[in-house]
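Residues per chain are reported as follows:
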Amino acid sequence: MITMLPATEEDARELAPLLRAEDRAEIAALSGREPAELLVESVRASWETTTYRADGALICIGGVAPLSLIGSTGVPWLMGTDLVPVHRKAFMRHSREAMPRWLARYPTLRNVVDARYAEAIRWLRWLGFRFGEPVVMGVAGLPFLPFQMEAADV
């Protein structure tokens, strides 16, 4: 059974050493920053965050942050452990349930995903995000796919 609670900075620090290899690679390619630093910052900046656990074990943390203080665009994000695929069905159901709430707050949701991260791209497509053409970006100069969802499209 999955439990979901608002994410804390302690959750973010706990997640950092447990990150899936693909999430760690995405952070390194995009920002080059330490995962714990980036995760704590993401939790602090977000309007809503959720820590997903199964029997106390950390599965993932996700949330949505404002793109700017005065805008109507939210930046969805999620980082997880190797337990995400173990709890795939429940994780997917719960992540989909967040979309209407996030779109009510931010009529546009937008971010980028590492173009190498096939599983994340499949999940984002399943959630209903549309993808743009790859853009070379980040400290590693690798391709990232912009993705977006609008309340008007749902």
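In this text, all values refer to a predicted model and were calculated from it rather than measured experimentally.

Student: Explain the overall build of the protein to me, please; I cannot follow it from the model alone.
Tutor: Along its length, the protein carries five helices and eight strands. For the protein, the sequential pattern of α-helices and β-strands runs β-α-α-α-β-β-β-α-β-α-β-β-β. Against the 2.2 N^0.38 benchmark of 15 Å for 154 residues, the protein shows a C-alpha radius of gyration of 15 Å, consistent with a compact globule. With the C-alpha coordinates of the protein rotated into their principal frame, the extents come out at 40 × 35 × 30 Å. Of all 154 residues assigned to the protein, the portion counted as buried reaches 45%. Of the contacts made within the protein by residues no fewer than 6 positions apart, 64% connect residues no fewer than 24 positions apart. Of the roughly 8100 Å² that the protein leaves accessible, carbon and sulfur atoms contribute 59%. Distance between charge centres in the protein, computed from 17 positive and 19 negative side chains, equals 4 Å.

Student: How should the layout of surface pockets be read in this particular structure?
Tutor: Volume-wise, the largest pocket comes out at about 890 Å³. Lining of the largest pocket is provided by 45 residues; of these, Pro 76, Trp 77, Leu 78, Met 79 and Asn 111 occupy positions nearest its centre. Counting only elements with at least two residues in the lining of the largest pocket, the list comes to helix 2 (21–30), helix 3 (35–45), strand 2 (48–54), strand 3 (57–66), strand 4 (73–80), helix 4 (88–105), strand 5 (108–114) and helix 5 (118–127). Of the residues assigned to the lining of the largest pocket, the class counts are 28 nonpolar, nine polar and eight charged.

The rules behind these values
- Residues numbered from 1 in each chain as written.
- Predicted model: local features only at pLDDT ≥ 70, side-chain atom pairs only at ≥ 80, totals over all residues.
- Heavy atoms only, no water.
- Helix = DSSP H or I, 4+ residues; strand = E, 2+ residues; numbered from the N terminus.
- Rg over C-alpha atoms; globule rule 2.2 N^0.38 Å.
- Buried < 20%, exposed > 50% of the residue type's maximum accessible area, 1.4 Å probe, protein only.
- Contact = heavy atoms within 4.5 Å.
- Areas by Shrake-Rupley, 256 points an atom, 1.4 Å probe, with all protein chains shown as cover.
- Lys, Arg positive; Asp, Glu negative; His and termini not counted.
- Charge placed at Lys NZ, Arg CZ, Asp CG, Glu CD.
- 1 Å grid on protein atoms, 1.4 Å probe; cavity = no way out; pocket = protein on both sides within 12 Å on 5 of 7 lines; lining within 4 Å.
- Points joined across faces, edges and corners; volume = space filled by probe spheres on them.
- Nonpolar A, V, L, I, M, F, W, Y, C, P; charged D, E, K, R; others polar.

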